[in-house]
There are 2 protein chains.
Amino acid sequence: MSNEGGNAVANDARAQEKASIPDIVIGRLPVYLRTLRLLADDGREVTSSQELGEHLGISSAQIRKDLSHFGEFGKQGTGYNIEFLCRQLQKILNVDRIWPVILVGAGSLGTAIANYQEFDSSGFRIVAVLDEDPQKIGKPIGHGLRIEEFANLGKSVAGSGAQIAVMAVPAHAAQRVANELVEAGLNSILCYAPITLSVPSHVRVEYIDPVVHFQHMTYYLN
Amino acid sequence: MSNEGGNAVANDARAQEKASIPDIVIGRLPVYLRTLRLLADDGREVTSSQELGEHLGISSAQIRKDLSHFGEFGKQGTGYNIEFLCRQLQKILNVDRIWPVILVGAGSLGTAIANYQEFDSSGFRIVAVLDEDPQKIGKPIGHGLRIEEFANLGKSVAGSGAQIAVMAVPAHAAQRVANELVEAGLNSILCYAPITLSVPSHVRVEYIDPVVHFQHMTYYLN
DNA sequence: TAAGTTTAGTGAATTATTTCGCAACCGGCT
DNA sequence: AGCCGGTTGCGAAATAATTCACTAAACTTA
Ligand SMILES: NC(=O)c1ccc[n+]([C@@H]2O[C@H](COP(=O)([O-])OP(=O)(O)OC[C@H]3O[C@@H](n4cnc5c(N)ncnc54)[C@H](O)[C@@H]3O)[C@@H](O)[C@H]2O)c1
Ligand SMILES: NC(=O)c1ccc[n+]([C@@H]2O[C@H](COP(=O)([O-])OP(=O)(O)OC[C@H]3O[C@@H](n4cnc5c(N)ncnc54)[C@H](O)[C@@H]3O)[C@@H](O)[C@H]2O)c1
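Everything quoted here is computed from the prediction, not taken from an experiment.

Draft legend 1. Inspection of a negative patch on the surface at higher detail. Residues and elements named next belong to chain A. A surface patch of negative charge is lined by D41, D42, E45 and E83. Examined against the element boundaries, E83 turns out to sit in helix 5 (residues 82–92). Among the residues examined, E83 registers a relative accessible area of 46% and is labelled partly exposed.

Here it is as structure tokens:
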């Protein structure tokens, strides 16, 4: 159908299907969004499922099918308006707002994360950096933050309304820290420690472990 | 699916089916391995698909089915010998050896990566850290390394036999760097830049982008 | 205007992945 | 030895995900 007008009803209806949209589809949307942003930065105004697919190494049909879960965002014969599709994806992913994030662990990796510009420009604002090392408490980190003691967790969560935490603590401390994060009311954890966490089912955990990627790669090598 | 033919000639026959084992299965093996290692560190000697599955939040059937692609590693009524299964998985994943790795980008993240102990203890040895910033060349980084100029890439690859690179460079430089890595003969790239790279089909790229994870999470939040 | 080209959206077909269910087996116990 | 609880490996069934293939629409060109 059309772009800017006329699909509000379709969207609402589809929004209710939220629970039934495959998680694997959701997982691709951020990648689409990232790619669209790059195209927009390049000054491009429209793109097609085919062009996107070539960029990403996936089929155009998959992109169209994925998007079709949420509404009709393109125009036959033309493709997708990039700005419009970005906005729609942001709305779908709930990234049309600022999300406060708590960072735990101010070591080597934690410092890199705290400095990482891209979080802020994607709407993820690190509002507190917590560590348990007394030597580090009070030291400045990131952009205008200071390392706080981990015991401040409750106050930081309450004060910011954060639901999301990033864990950059050693593996041996990770489960304990996760327990406290859950206790403090957080429901989404991005874990850099090479360990699988045990959390209640209302808490979502995602993992980043470069060794897993390496080992996946070496399977195909000799 | 994968198992054509009978299963009489177990291991050798299965090894040849390598190309046909689903990539998604391969992707889980490192996680199994990581978990088994933790159990081993705990002093445990045997485990079962059920226990592993509970740890990882997946079904025991999936674990058994995944492993069955490669051979028979367990014992009915008992389960799996942890040390034995670790060794088998290491062999399958080709991590029963040392893999030299080239790191490109000695910024905030690159420094954290260079310091990261886990790589070495998993058999991934960073043999060179390259950067293009003249100010950084020659500075020590990681354990006994010095930052080298990016132009040294060819020499580093040749000297180490590295096939794997980690990219921790800004997004705007990433495609250019990737081209050079491919040119230099590398065939596996772990990319931290938030961008999808275009590479020849013989090169495997995996991506780590925390923003993608955050955005995946926020879909489920309000 | 009309013909030709491009592309979205989508039901149907295909392919991939996960789960089920059970025979075979192991080890311990009586 | 024979039984029993526990567990694997795996074919078959059930689900899930992707791709195909086609219709309708929108633009382009003459
Ligand atoms: N450095 C990397 O490149 C890298 C890459 C991937 C994953 N990781 C993982 O990320 C985690 C952090 O790595 P790192 O290199 O920054 O380690 P690090 O030792 O430099 O930093 C860990 C920090 O966590 C703090 N900490 C420890 N226990 C804590 C607790 N209970 N509560 C709060 N803070 C606590 C320590 O004081 C320290 O500041 C590790 O699990 C590591 O495996 C690191
Ligand atoms: N810091 C983080 O936590 C984090 C997390 C995830 C992803 N990333 C991504 O990782 C990358 C690096 O992040 P960072 O925070 O370390 O940035 P940074 O700016 O601190 O470091 C980038 C380094 O790359 C070097 N570089 C630039 N162009 C180069 C080239 N052509 N060849 C060789 N070296 C070159 C720079 O000199 C610099 O040392 C970025 O793409 C970033 O988006 C960072």
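Draft legend 2. Here's a closer look at the site of ligand 2. Within the structure, ligand 2 sits among 24 residues, and Y116 of chain A together with L109, D131, K136 and V169 of chain B are positioned closest to it. More than one chain approaches ligand 2, the contributing ones being chains A and B. At 3.5 Å, a backbone N or O of G107 of chain B approaches an oxygen atom of ligand 2. Side-chain polar atom of D131 of chain B to an oxygen atom of ligand 2: 2.5 Å apart, as the coordinates give it. Contact with the protein chains removes 85% of the 820 Å² of surface that ligand 2 exposes when unbound. If you list the elements that add at least two residues to the shell around ligand 2, you get helix 6 (108–115) of chain A together with helix 6 (108–115) and helix 9 (171–183) of chain B. Here the residues of the shell around ligand 2 are counted per class, giving 16 nonpolar, four polar and four charged.

Draft legend 3. Structural detail: the interface of chain B and chain A. Counting residues at the interface gives 61 residues for chain B, matched by 61 residues for chain A. For the chain B and chain A pair, buried surface summed over both sides reaches about 5700 Å², with 65% attributable to carbon and sulfur atoms. Summed over the shared surface of chain B and chain A, the result is 24 residue pairs in polar contact (both at pLDDT 80 or more).

Draft legend 4. Expanded view of the site of ligand 1. L109, D131, K136 and V169 of chain A together with Y116 of chain B are the nearest of the 24 residues found near ligand 1. Per-site note: the chains with residues close to ligand 1 are chains A and B. Contact distances for ligand 1 include 2.5 Å between an oxygen atom and a side-chain N or O atom of D131 of chain A. Of all the secondary structure elements, the ones that give two or more residues to the shell around ligand 1 are helix 6 and helix 9 (171–183) of chain A together with helix 6 of chain B. Residues of the shell around ligand 1, tallied by class, amount to 16 nonpolar, four polar and four charged.

Draft legend 5. Fine view of the sheet that holds strand 9 (residues 188–191) of chain A. Residue and element names in this part refer to chain A. Reading across the sheet, the seven strands line up as 6-7-5-4-8-9-10 and stay open at both edges, with mixed pairing between neighbours. The open sheet has two edge strands, strand 6 (140–141) and strand 10 (204–207), and neither has a second partner. Two elements, strand 6 and strand 7 (residues 145–149), share two bridges in a ladder whose sense is antiparallel. Following the sheet pairing, P140 is matched in strand 7 by R146. Helix 8 (residues 153–160) rests against strand 4 (99–104), strand 5 (124–131) and strand 7 of the sheet, and its axis sits at about 170° to strand 4. Those strands touched by helix 9 are strand 4, strand 8 (164–167) and strand 9, and its axis lies near 170° from that of strand 8.

Draft legend 6. Geometry of helix 5 of chain A. All names here are of chain A. Within helix 5, eight of the 11 residues are buried, which leaves it mostly tucked inside the rest of the structure. Its side-chain oxygen placed 3.1 Å from the backbone nitrogen of E83, N81 serves as the N-cap of helix 5. Looking one or two residues beyond helix 5, the residue adopting positive phi is N94, at roughly 65°.

Draft legend 7. Geometry of the packing of aromatic side chains. Inspection of the entire model under this criterion finds 12 aromatic pairs over all chains. Relative to F119 of chain B, the ring of F214 of chain A has its centre 5.3 Å away and its plane inclined at 55°; by these criteria the two rings are tilted. Taken together, the residues F214 of chain A in helix 10 (residues 210–219) and F119 of chain B in helix 7 (residues 117–121) connect one chain to another. An identical accessibility class is assigned to F214 of chain A and F119 of chain B; each is buried. An aromatic cluster is built from Y116, F119 and F124 of chain A together with F214 of chain B, whose rings are joined through pairwise contacts.

Draft legend 8. View of the relation of the copies chain B and chain A. Each copy superposes on the other: chain B lies on chain A with an RMSD of 0.0 Å after a rotation of 180° and an axial shift of 0.0 Å. Such a combination of rotation and displacement between the chain copies is what one expects of a two-fold axis. Same-surface contact between copies: 100% of interface residues of chain B are shared with the interface of chain A.

Draft legend 9. Just the sheet that holds strand 7 (residues 145–149) of chain B, in detail. Taken in spatial order, the seven strands of this open sheet run 6-7-5-4-8-9-10 (chain B), and their pairing is mixed. Every interior strand has two partners, whereas the edge strands, strand 6 (140–141) and strand 10 (204–207) of chain B, have only one.

Draft legend 10. Looking closely at the environment of S122 of chain A. All names here are of chain A. Along the chain, S122 falls in the loop between helix 7 (117–121) and strand 5. Judged by relative accessible area, S122 falls into the buried class, the value being 12%. When the C-alpha atoms of S122 and G43 are compared, they prove to be 19 Å apart, with 79 residues separating the residues in sequence.

Draft legend 11. Quick peek at the packing of helix 2 (residues 23–41) of chain A against helix 10 (residues 210–218) of chain B. It is the contact of helix 2 of chain A with helix 10 of chain B, at a shortest axis distance of 9 Å, that shows an interaxial angle of 130°. One way to sum up the angle between helix 2 of chain A and helix 10 of chain B is to call them oblique. Our pair here, helix 2 of chain A against helix 10 of chain B, has a crossing hand that is right-handed. On helix 10 of chain B, the residues that touch D23, I26, G27, P30, V31, L33 and R34 of chain A of helix 2 of chain A are V212, Q215 and H216 of chain B. Residue classes in the contact of helix 2 of chain A with helix 10 of chain B are distributed as five nonpolar, three polar and two charged.

Draft legend 12. Representation of the pairing of strand 4 of chain A. Residue and element names in this part refer to chain A. Counted residue by residue, strand 4 has six buried out of six residues, so it is predominantly covered. Note: strand 4 against strand 5, six bridges, orientation parallel. By the bridge assignment for strand 5, W99 is matched with F124.

Draft legend 13. How the structure looks around the domain arrangement of chain A. Assigned domains within chain A: domain 1 (2–91) and domain 2 (99–213). For domain 1 of chain A and domain 2 of chain A, the distance between their C-alpha centres works out to 31 Å.

Rules behind the numbers
- Residues numbered from 1 in each chain as written.
- Chains lettered and ligands numbered in written order.
- Predicted model: local features only at pLDDT ≥ 70, side-chain atom pairs only at ≥ 80, totals over all residues.
- Heavy atoms only, no water.
- Patch = residues over 30% accessible without salt bridge, like charges linked within 9 Å, V, L, I, M, F, W, Y side chains within 5 Å.
- Areas by Shrake-Rupley, 256 points an atom, 1.4 Å probe, with all protein chains shown as cover.
- Salt bridge = Lys/Arg side-chain N within 4 Å of Asp/Glu carboxyl O.
- Lys, Arg positive; Asp, Glu negative; His and termini not counted.
- Charge placed at Lys NZ, Arg CZ, Asp CG, Glu CD.
- Helix = DSSP H or I, 4+ residues; strand = E, 2+ residues; numbered from the N terminus.
- Buried < 20%, exposed > 50% of the residue type's maximum accessible area, 1.4 Å probe, protein only.
- Near = heavy atom within 4 Å.
- Polar contact = N/O pair within 3.5 Å; in protein donor to acceptor, adjacent residues only side chain to side chain.
- Nonpolar A, V, L, I, M, F, W, Y, C, P; charged D, E, K, R; others polar.
- Contact = heavy atoms within 4.5 Å.
- Buried area = accessible area lost by both parts, 1.4 Å probe.
- Pairing = 2+ DSSP bridges.
- Axes fitted to C-alpha atoms, helices over the stretch in contact; angles between N-to-C directions.
- Phe/Tyr/Trp six-rings, centres within 6.5 Å; stacked < 30°, edge-to-face > 60°.
- Least-squares fit on C-alpha atoms with pLDDT ≥ 70 in both.
- Parallel < 35°, antiparallel > 145°, perpendicular 65-115°, else oblique.
- Left-handed = near helix turned anticlockwise from the far one by under 90°.
- Domains from an automatic or database assignment.

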